Amino acid sequence: MKTTIDVPDDLYRRAKAEAALRGRKLKDLVEEGLRLVLETPRSKRRQPSLAGLMKRARGVIDSGVTDLGSNPRHLAGFGRDAGHR
């Protein structure tokens, strides 16, 4: 059966190069990958951790707010229960 899929350019180039290095056609590499994914029981598939998923995003966003933990004004009263003054 023929089908059309959208693949990011960089992934396509990497897959095409890998297929060439293996002396195979891209369609054979794609078929092998699909079989590997579908034949692996779901319980054995490694789920990425949140830390792993966010690894590349850490430190990317600059909110413009300095570290509040280093500002004495923001630490005033920290740890005190408001009802027990």
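As the structure is a prediction and not an experimental result, all values here were calculated from the model.

Thresholds, definitions, all that
Residues numbered from 1 in each chain as written. Predicted model: local features only at pLDDT ≥ 70, side-chain atom pairs only at ≥ 80, totals over all residues. Heavy atoms only, no water. Helix = DSSP H or I, 4+ residues; strand = E, 2+ residues; numbered from the N terminus. Buried < 20%, exposed > 50% of the residue type's maximum accessible area, 1.4 Å probe, protein only. Areas by Shrake-Rupley, 256 points an atom, 1.4 Å probe, with all protein chains shown as cover. Expected span 1.5 Å × (residues − 1). Salt bridge = Lys/Arg side-chain N within 4 Å of Asp/Glu carboxyl O. Patch = residues over 30% accessible without salt bridge, like charges linked within 9 Å, V, L, I, M, F, W, Y side chains within 5 Å. pLDDT = per-residue confidence, 0-100. 1 Å grid on protein atoms, 1.4 Å probe; cavity = no way out; pocket = protein on both sides within 12 Å on 5 of 7 lines; lining within 4 Å. Points joined across faces, edges and corners; volume = space filled by probe spheres on them. Nonpolar A, V, L, I, M, F, W, Y, C, P; charged D, E, K, R; others polar.

Undergrad: Could you give me a rundown of the overall build of the protein, with the residues and numbers involved?
TA: If you tally the helices and strands in the protein, you get four helices and zero strands. Looking at the protein as a whole, 2% of its 85 residues are labelled buried. Total accessible area computed for the protein in this model is approximately 8800 Å², and 55% of it derives from carbon and sulfur atoms.

Undergrad: Got a sec to walk through helix α1 (residues 9-21)? Specific residues and values, please.
TA: Between its terminal C-alpha atoms α1 stretches 18 Å, which fits the 18 Å expected from 13 residues at 1.5 Å a residue. Downstream of α1 by one or two residues, G23 has phi in the positive range, about 70 degrees.

Undergrad: Could you give an account of the pattern of salt bridges, naming the residues involved and the relevant values?
TA: Evaluation of the coordinates by the stated rule reveals four salt bridges. For the salt bridge of E18 with R22, the shortest nitrogen-to-oxygen distance reads 2.8 Å. Relative accessible area serves as the criterion here: at 32%, E18 is assigned to the partly exposed category. Between R24 and E32 there is a salt bridge whose closest N-O contact spans 2.5 Å. On the basis of relative accessibility, which here comes to 33%, the residue R24 falls in the partly exposed class. Among the residues examined, E32 registers a relative accessible area of 30% and is labelled partly exposed. Linked by salt bridges that have partners in common, E18, R22, R24 and E32 make up one network.

Undergrad: Go over a nonpolar patch on the surface with me, naming the residues and quoting the values.
TA: A cluster of nonpolar side chains, contributed by I5, V7, L11 and Y12, occupies part of the molecular surface with about 360 Å² of accessible area. Turning to its location among the elements, L11 is positioned in helix α1.

Undergrad: Run through the confidence of the model for the protein, naming residues and quoting values.
TA: Residues of the protein with pLDDT of at least 70 account for 85%, and the chain-wide mean is 82. Mean pLDDT values for the elements of the protein range from 76 in helix α4 (residues 72-75) up to 94 in α1.

Undergrad: Could you give me a rundown of the layout of surface pockets, with the residues and numbers involved?
TA: Here the largest pocket is characterised by a volume of approximately 570 Å³. Together, 14 residues line the largest pocket, and T3, I5, K27, V30 and E31 are the ones closest to its centre. Residue assignment for the lining of the largest pocket shows that the elements contributing at least two residues are α1 and α2 (26-39). Tallied by class, the residues present in the lining of the largest pocket amount to ten nonpolar, one polar and three charged.

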